[in-house]
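# Geometric and topological summary
Next come the chains, spelled out residue by residue.
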Amino acid sequence: MCGIFGYIGKSNKASEIVFNGLKTLEYRGYDSWGIATLKSKITVKKRVGKIGNANVDDLPKSNFALGHTRWATHGGVTEVNAHPHLDCSGQFAIIHNGIIENYDEIKEELLKKKHKIVSDTDTEVAVHLIEEIYRKSTGKSKKENFLEATRKAFNRFVGLNAIIVMDAETSTYVAAKNGSPLAIGKGSNENFLASDAHALIPYTKNIYFMEDGEIISVTPENISIFDALTGRKKTLKFNKLTWKQTAIDKGKYPHFMLKEIFDQPKVIENIINDSKFQIINFSDIIKNSYGTYLVGCGTAAYACLAGTYIFSKISGRHLNFSVGSEFGYLVDFLTPKSLVIALSQSGETIDVIDSVKKAKVKGAQITSLVNSLGSTLYRLSDKKLLLNAGVERAVVSTKAFTAKLTVLILLAYQLAGKISEGKSILRECLKVLKEVLCRDNLNRIRKLVKTLVSQKHIYIIGRGVSYPIALEAALKIKEASYIHAEGFAAGELKHGVIALIEKNIPCIAFLPNDETYGATLAGCMEMKARGGYIIGISHKNHEVFDYYLPVYDVGIASIIPSAVVGQLLGYYLAIEQGLDPDKPRNLAKSVTVR
Ligand code: F6R
């Protein structure tokens, strides 16, 4: 969702630094962008669409700029609605991530006071409120009045928000946060700010992750931090990050999505080799808990659902599962003995963060399988297991999913006291993955895609642990190619969905070599009898299949190469239509609003 990048310091290339910072945040998903530069007065440049080949040569050379990529919530995708927004006088510019839920009431008040509000956004209301409070402030220095006005305005906002406000009179900025992520980077006589710490790594490793309810005032030389509610000064301690700047180019691949699909064997191998102690510790926590809840959203939710089957089958352990947005309604079940395992690539998904906070209130222990080091979820968790899948740049999640499956399989085998078996099937799985990713197989998938691309609907079935894989394959196809794909439990076919099957409708079935094979095959027969075009993803071919995609048997780990086939179908269905699978319409990489 919205990306934020700010620079204040000794370089007179602030606009370019911010522009490049925004480019590194592009993967979060956005539909317009803008930059405010201060050189005696604030100049704003805003554009609808992607940054593409744009430049900022037309902005003044200056040492202070703020930039924003907007993912529209309040107000359509227009230049006027893009951030930054100015107050009536042009003294303040604001960028914002989140939703000011009570903006209507504040707007009404401001309009009565003759503020000129030009956009449809909640954000613009915030900068006018700051202006209104600032104009009435007396006594203190301009810098203190600016900080105080921003603080008071921020405290009026209902909802989860991060705001950064530039003041042309004092050449400072103030940032406040309650919900959306903000990281501060400290350099020598220059300071940076971003919604994602990765964007700061090229400039500095001295990072501070702002906590909710904090407000900072920043000049090139100084950063002061305060409690946003009371205004009381706090001490600020920067951490030295040891992250390497992860390779974030596409290498030899035309898209990040394909690169990340091909990253998977290495990611899985690293997890098998490097996670021994973390797996032991984590499985002990599960063993000692009483009531364990897996929580995640989207693709991560499907990993959670797969986790319930994996733990049941391998370690005879019942784990509960809920999507993040629903978990808040189930917290009545939680006690201090409960364990929450939150799964998230970004560690910033607000529905997961909300869930975890509610569970904390109930005294539950919070753990996470998370990919982004330093993210909100990472910091909120009592115990975390880093997926180490590397930065995922394509909006469509791939390698974080299979990394989560790998960890869940290892945890379940560790819990069952059979970790060597778990590692061994995962090593075998790497061989099968190689076959799935080999040229012949890619050609086989591309050939199938030529048949599928003209279809309006695709149905996908699986049973047991292949059920979440069917759901995930459907999500990949929907997100990347915009073709309606629906995954469901094969047994549910006859309870309704079979009404949709008619001549030549593509029906994809996951049939691994497990106890689900026969029953799922029966589902294929039923669909075939109604004219369905059956695509079997299985360890062996069968006469009912109109098209066969092989995934050889590696026990429960077969779900990993099976999921990769789903990813490749999504990818090539997008390519066949000339779509950019890295940036699907309307989607954001980290979903930081409810
Ligand atoms: C699907 C996808 C989303 C995310 C979901 C959760 O390809 O990317 O469904 O999986 O928004 O995101 P994280 O894992 O960052 O919590």
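Residues numbered from 1 in each chain as written. Predicted model: local features only at pLDDT ≥ 70, side-chain atom pairs only at ≥ 80, totals over all residues. Heavy atoms only, no water.

### Brief notes about the packing of aromatic side chains
Evaluation of the coordinates by the stated rule reveals 14 aromatic pairs. Here Tyr 208 and Phe 238 contribute two aromatic rings whose centre-to-centre distance is 6.2 Å and whose plane-to-plane angle is 65 degrees, an arrangement assigned as edge-to-face. On the criterion of sequence distance, the pair formed by Tyr 208 in strand β11 (residues 206-209) and Phe 238 in the loop between β14 (233-234) and β15 (239-240) is long-range, its members being 30 residues apart. Each member of the aromatic cluster is reached from another via a ring pair, and the members are Phe 5, Tyr 7, Phe 192 and Tyr 203. Across from the ring centre of Tyr 30, 4.4 Å away, lies the NZ or CZ of Lys 50, which sits over that ring. One Lys or Arg, Lys 384, reaches over the ring of Tyr 378 and ends 4.7 Å from the middle of that ring. (Phe/Tyr/Trp six-rings, centres within 6.5 Å; stacked < 30°, edge-to-face > 60°. Helix = DSSP H or I, 4+ residues; strand = E, 2+ residues; numbered from the N terminus. Lys NZ or Arg CZ within 6 Å of the ring centre and 35° of its normal.)

### Regarding the nonpolar core
Judged by nonpolar contacts, the single largest core of 88 residues is most densely connected at Ile 310, Ile 409, Ile 460 and Leu 568. Both domain 2 (255-436) and domain 3 (438-582) contribute no fewer than three residues apiece to this core. Among the nonpolar cores identified, the runner-up in size contains 26 residues, and Tyr 134, Ala 149, Ala 153 and Val 165 belong to it. (Core = buried A, V, L, I, M, F, W, Y, C linked by side-chain atoms within 4.5 Å. Buried < 20%, exposed > 50% of the residue type's maximum accessible area, 1.4 Å probe, protein only. Domains from an automatic or database assignment.)

### A few points about the sheet that holds strand β24 (residues 533-538)
If you trace the 5 strands from one edge of the open sheet to the other, you get β22-β21-β23-β24-β25, paired in parallel fashion. Unpaired on one side and paired on the other, β22 (484-489) and β25 (547-550) mark the two borders of the sheet. Going from strand to strand, the sheet's axes swing by 20 degrees on average, the running direction of each strand aside. Lying over the sheet, helix α14 (residues 466-481) contacts β21 (457-462), β22 and β23 (506-511), oriented at roughly 175 degrees with respect to β22. (Pairing = 2+ DSSP bridges. Axes fitted to C-alpha atoms, helices over the stretch in contact; angles between N-to-C directions. Contact = heavy atoms within 4.5 Å.)

### A closer look at the site of the ligand
Near the ligand you find 15 residues, and of these Ser 344, Gln 345, Ser 346, Thr 349 and Glu 479 are the closest. Between the ligand and Gln 345 there is a distance of 2.7 Å, counted from an oxygen atom to a backbone nitrogen or oxygen. Measuring from an oxygen atom of the ligand, one finds a side-chain N or O atom of Lys 476 at 2.7 Å. Taken by itself the ligand offers 410 Å² of open surface, and the protein chains cover 91% of this. Here the element with the most residues in the shell around the ligand is α14; it accounts for 3 residues. Here the shell around the ligand gathers at least three residues from each of two domains, domain 2 (255-436) and domain 3 (438-582). (Near = heavy atom within 4 Å. Polar contact = N/O pair within 3.5 Å; in protein donor to acceptor, adjacent residues only side chain to side chain. Areas by Shrake-Rupley, 256 points an atom, 1.4 Å probe, with all protein chains shown as cover.)

### Concerning the sheet that holds strand β8 (residues 172-178)
In a beta sheet, neighbouring strands pair by backbone hydrogen bonds and run either parallel or antiparallel. The 7 strands are arranged β5-β6-β7-β8-β12-β13-β14 in an open sheet whose pairing can be described as antiparallel. What marks the edges here is a single partner per strand, and that holds for β5 (85-86) and β14. The sheet contact formed by strand β12 (residues 214-218) and strand β13 (residues 223-227) spans 5 bridges and is antiparallel. Bridge pairing in β13 links Glu 214 to Asp 227. Contacts between helix α3 (residues 122-136) and the sheet are confined to β5, β6 (92-98) and β7 (161-167), with β6 contributing the most and set at about 135 degrees to the helix.

### Concerning the pattern of salt bridges
For the structure shown, the criterion picks out 21 salt bridges. One salt bridge in this structure joins Asp 87 and Arg 135, with 3.9 Å as the shortest N-O distance. Placement of Asp 87 in the loop between β5 and β6 and of Arg 135 in helix α3 is noted, with a sequence separation of 48 residues between them. A relative accessible area of 5% places Asp 87 in the buried class. Judged by its relative accessible area of 44%, Arg 135 is partly exposed. (Salt bridge = Lys/Arg side-chain N within 4 Å of Asp/Glu carboxyl O.)

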